[in-house]
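Descriptive structure summary
The lines below spell out each chain.
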Amino acid sequence: MAINTTINLLQAVNRGVPGVKRAPVLDKYPTQLNTADLPFAISWPADGTWHHEGMGGALKREDRTYRILVYTEPLGQNDIPTRAAAAAVLLQRFKETYLDPATVALADPSGSNPYQVTVEEGAQSPHSDGGLVSNLVFGGVPFHGFELRVRVRELW
């Protein structure tokens, strides 16, 4: 499975989170953010492991953490309590989305699609976040926002 395909599957999930204005596919990521596009979400690959699985090594498996970066407001906005409250609500929506069983299967092997892509979560591989931050930079500009770390398993 191509990492860019998994990113685009995650971006489809991100677009479905209530309150997100923009979560484009990978080849449409902008070089700078406009305030009108906020909250804005991108998915980015982080640490991963991959290996052959099963008898004879015919099946391949990759487990990777994806960073979901959500930019909520430019850092220069001074209405911190209102902006923090809105960002906290959005963070909760993202957490609920990635814990929803309907989100687990990103791609099922069927027809011409030989890949299975699932959001993995549990005691051995929990999702995580760093809370609300004021140091997310995009295109050299600092933003308020948050980062989630979501585990994804691919089999092909």
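Residues numbered from 1 in each chain as written. Predicted model: local features only at pLDDT ≥ 70, side-chain atom pairs only at ≥ 80, totals over all residues. Heavy atoms only, no water.

1. Some remarks on the overall build of the protein chain
Applicable threshold: Secondary structure follows DSSP: runs of H or I at least 4 residues long count as helices, runs of E at least 2 residues long count as strands, and numbering of each begins at the N terminus. Every radius of gyration here is taken over C-alpha atoms, with the globule rule written as 2.2 Å times N^0.38, N being the number of residues. Burial classes: relative accessible area under 20% of the type maximum marks a residue as buried, over 50% as exposed, and values in between as partly exposed (1.4 Å probe, protein chains only). Any pair of residues with heavy atoms lying within 4.5 Å of one another is described as a contacting pair. To measure how exposed things are, a 1.4 Å probe is used in the Shrake-Rupley method; for residues, cover is taken only from the protein chains shown. Think of it this way: Lys and Arg go in the positive column, Asp and Glu in the negative one, and His and the chain ends go nowhere. We put the charge of a Lys on NZ, of an Arg on CZ, of an Asp on CG and of a Glu on CD.
In terms of regular secondary structure, the protein chain is built from three helices and six strands. Going from N to C terminus, the protein chain has its helices and strands arranged as α-β-β-α-α-β-β-β-β. Over its C-alpha trace the protein chain gives a radius of gyration of 17 Å, about what one expects of a compact globule, namely 15 Å for 156 residues. Each principal axis of the C-alpha distribution contributes one length, and for the protein chain these read about 60 × 35 × 25 Å. Expressed as a percentage of its 156 residues, the buried residues of the protein chain come to 38%. Taking contacts inside the protein chain between residues at least 6 apart in sequence as the whole, the part at least 24 apart equals 61%. In the form shown here, the protein chain has an accessible surface area of approximately 8,300 Å², with 54% of it arising from carbon and sulfur atoms. Where the 14 positive side-chain charges of the protein chain centre and where its 16 negative ones centre are 3 Å apart.

2. Describing the nonpolar core
Note the cut-off: Put simply, buried Ala, Val, Leu, Ile, Met, Phe, Trp, Tyr and Cys residues joined by side-chain atoms within 4.5 Å make one nonpolar core.
With 32 residues, the main nonpolar core has I68, Y71, F94 and Y98 as its most contacted residues. In this structure F94 touches N14, V17, V20, A41, I68, V70, F146 and L148, once residues within four positions along its chain are discounted.

3. What to know about the packing of aromatic side chains
Counted only if it meets this: Note on aromatic pairs: the rings of Phe, Tyr and Trp (six-membered ring only in Trp) are paired at centre separations within 6.5 Å, and the planes decide the class, stacked below 30 degrees, edge-to-face beyond 60, tilted for the rest.
Following the criterion strictly, the structure yields four aromatic pairs and no others. Centroid distance Y71 to F138: 5.3 Å. Interplanar angle 85°. Geometry classified as edge-to-face. Highlighted residues: Y71 in strand β2 (residues 59-74) and F138 in strand β5 (residues 128-138), separated in sequence by 67 residues. The residues Y71 and F138 share a single accessibility class, namely buried. With a centroid separation of 5.7 Å and 75° between ring planes, the pair formed by F94 and F146 is classed as edge-to-face. Placement of F94 in helix α2 (residues 80-99) and of F146 in strand β6 (residues 141-155) is noted, with a sequence separation of 52 residues between them. A single burial state applies to F94 and to F146, both of which are buried. Counting every residue linked through ring pairs, the aromatic cluster contains F40, Y71, F138 and F143.

4. Re the pairing of strand β4 (residues 116-120)
We apply this condition: Two strands make a pair as long as DSSP finds a minimum of two bridges between them.
In this sheet, β4 lies alongside strand β3 (residues 105-107) in antiparallel orientation, the contact comprising two bridges. Of the residues in β4, the one forming a bridge with A105 is T118. Here β4 runs beside β6; their pairing, made up of five bridges, is antiparallel. Bridge pairing in β6 places E120 opposite R151.

5. Overview of the confidence of the model for the protein chain
How we decide: Here pLDDT means the predictor's own confidence in every residue, given as a number from 0 to 100.
On average, residues of the protein chain carry a pLDDT of 89, and 91% of them reach 70 or more. Model confidence for the protein chain, summarised as mean pLDDT per element, is weakest for β3 at 79 and strongest for helix α1 (residues 3-15) at 94.

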